[in-house]
Amino acid sequence: MLIDLDKRSREILRHVVDAYVEVGEPVGSRTLSRRLGMSLSPATIRNVMADLEEQGLLFAPHTSAGRLPTEAGLRLFVDGILEIGALSAEERENIDAQCNASGRSLPEVLGEASAVLAGLSACAGLVLAPKTDRPLRHIEFVNLGPGRAMVVLVTDDGVVENRIVELPLGLPASALISATNYFNNRLINRTIEEAHAAIRADIEAQRTQLDELSKRVVEAGLASWAGSGSTGHLIVRGQARLLQDVEQIGDLERIRALFEALETKEAIMKLLDAAGTAEGIQIFIGAENSLFSHAGCSLIVAPYRNSREQIVGAIGVLGPTRINYARIIPMVDYTAKVVSRLIG
């Protein structure tokens, strides 16, 4: 569609998006005339804006109001008009310093990377951590009260994962101890996937020495591993920052939709996982993607790699569609490269 727009139309679309990112309010022809600094009358600008609206790139939220970009307009802007900015030396140093502290485990590094993105972007920072493919050293079930326990997994390089499982009410402590001992006997030098296969084979062949209650604990532990071979886990930081300029956005429902997306996590994990198989920055705007149906939200994400140059995860920023694309895109790209270097 970009080739169908003349230079004047592209410039007007760019300024409408710039104004939207800055203040989140509709922009009118008189305001644009002053911003453009061109010899265009407000009437001429109104005609161009009407053409852009007819093409589905702008819309008027109210009668006689100014215009805002549609999601299609934002997509066109991002793909063909946007001029990517450069990170300042201070921003690069900030990212390096927060991610690069010595002695941190991989989850801590990824958590810091997510937090620094949240702080610099004033949005939510997201990281899809790589799946656990290191051999497991220890597993333990920790009682959290009636019907719930936490599974603590420790890999041979010291990475710890915690998962909550649902258990039968009234389960005795002895069942948790039996399940813990059984798992540890079957885990030595095995990855999650290998241990899962061995334990499943034991249960199906009835070769376990577990009583029925302990077996139910083992089943719950296996269920908590389901799907862990295809995706990692999601680290989220900075959700509260999404509320900071809600008055300027003027649409609390969109912020609620973002929180709902972060709580369910499933759609976002699918997008991050898909981005982890693609090269370079991926940008998802609003409801244009079937996996992410929340209008008014944008996700900017980049993959990161291990020492063998294999893509092992993804890192990004989630916020309203009026995020500062020119600033956040290089920020996400740089942070992904820092993480790749640190885990390499």
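Before any of the text, the structure's been laid out above.
Below, the structure is looked at part by part. Since this is a predicted model, take the numbers as computed values, not measurements.

Let us look at the overall build of the protein chain. Secondary structure summary: the protein chain contains 13 helices and 10 strands in total. Counting only residues that meet the buried cut, the protein chain has 47% of its 344 residues in that class. Once local pairs closer than 6 in sequence are excluded, the contacts in the protein chain between residues at least 24 apart make up 60%. Accessible surface, the protein chain as shown: approximately 16700 Å² in total, 48% of it carbon and sulfur.

On to the sheet that holds strand β3 (residues 124-128), then. In a beta sheet, neighbouring strands are held together by backbone hydrogen bonds and run either parallel or antiparallel to one another. Taken together, the five strands give an open sheet; going across it, the order is β7-β3-β10-β9-β8, and neighbouring strands pair in antiparallel fashion. The open sheet has two free edges, formed respectively by β7 (234-237) and β8 (282-285), since each of these has just one partner strand. Ignoring which end each strand starts from, the neighbouring axes of this sheet average 20° apart. Bridge analysis of β3 against strand β10 (residues 311-320) gives five bridges, and the strand direction is antiparallel. Bridge pairing in β10 links G125 to V317. Relative to strand β9 (residues 297-305), helix α13 (residues 325-343) is tilted by about 25°, and along the sheet it contacts β8, β9 and β10.

Between helix α1 (residues 7-23) and helix α4 (residues 71-81), the least distance of the axes is 10 Å, while the angle of their chain directions is 110°. It follows from the interaxial angle that α1 and α4 lie roughly perpendicular. α4 is crossed by α1, and the crossing has left-handed handedness. The segment α1 lies against α4, with R10, L13, R14, V17, D18 and Y20 engaging G73, L74, L76, F77 and I81. Per-class residue counts for the contact of α1 with α4 are seven nonpolar, one polar and three charged.

Turning next to the packing of aromatic side chains. Summed over the entire model, instances satisfying the criterion amount to two aromatic pairs. Their ring planes at 55° and their centres at 6.3 Å tell us that Y182 and F183 sit as a pair that is tilted. The exposure class of Y182 is buried, given its relative accessible area of 10%. Taken together through their ring pairs, the aromatic side chains of F141, Y182 and F183 make up a single cluster.

So, on to the side chain of T180. By secondary structure assignment, the location of T180 is in helix α7 (residues 173-187). A polar contact of 3.3 Å, which involves the side chain of T180, links it to the backbone nitrogen of F141. Excluding residues that lie within four positions of it along the chain, T180 makes contacts with I139, E140 and F141.

This structure, assessed with the given rule, holds 10 salt bridges. Here R14 ties to E11 by a salt bridge, and the two come within 2.5 Å at their closest N and O atoms. Linking R14 with E11, this pair stays in helix α1, spanning three residues, or about one helical turn. Between D96 and R341 there is a salt bridge, with the nearest N and O atoms lying 3.7 Å from each other. A residue pair is termed long-range when its members are at least 10 positions apart, and D96 in helix α5 (residues 89-99) and R341 in helix α13 qualify at 245 residues. On the basis of relative accessibility, which here comes to 21%, the residue D96 falls in the partly exposed class. It is possible to trace a salt-bridge network through shared partners that takes in E11, R14 and D18.

Time to look at the sheet that holds strand β4 (residues 136-143). Strand order in this open sheet of three strands is β4-β5-β6, and the pairing throughout is antiparallel. Where the open sheet ends on each side, the last strands, each with one partner, are β4 and β6 (160-166). Mean inter-strand twist for the sheet, computed between neighbouring axes without regard to direction, equals 20°. Two strands pair when backbone bridges link them, and β4 and strand β5 (residues 148-155) are joined in this way by seven bridges, in the antiparallel orientation. When the bridges of β5 are listed, E140 appears paired with V152. Strands in contact with α7 are β4 and β5; relative to β4, the strand with the most contacts, it is inclined by about 170°.

Rules behind the numbers
Residues numbered from 1 in each chain as written. Predicted model: local features only at pLDDT ≥ 70, side-chain atom pairs only at ≥ 80, totals over all residues. Heavy atoms only, no water. Helix = DSSP H or I, 4+ residues; strand = E, 2+ residues; numbered from the N terminus. Buried < 20%, exposed > 50% of the residue type's maximum accessible area, 1.4 Å probe, protein only. Contact = heavy atoms within 4.5 Å. Areas by Shrake-Rupley, 256 points an atom, 1.4 Å probe, with all protein chains shown as cover. Pairing = 2+ DSSP bridges. Axes fitted to C-alpha atoms, helices over the stretch in contact; angles between N-to-C directions. Parallel < 35°, antiparallel > 145°, perpendicular 65-115°, else oblique. Left-handed = near helix turned anticlockwise from the far one by under 90°. Nonpolar A, V, L, I, M, F, W, Y, C, P; charged D, E, K, R; others polar. Phe/Tyr/Trp six-rings, centres within 6.5 Å; stacked < 30°, edge-to-face > 60°. Polar contact = N/O pair within 3.5 Å; in protein donor to acceptor, adjacent residues only side chain to side chain. Salt bridge = Lys/Arg side-chain N within 4 Å of Asp/Glu carboxyl O.

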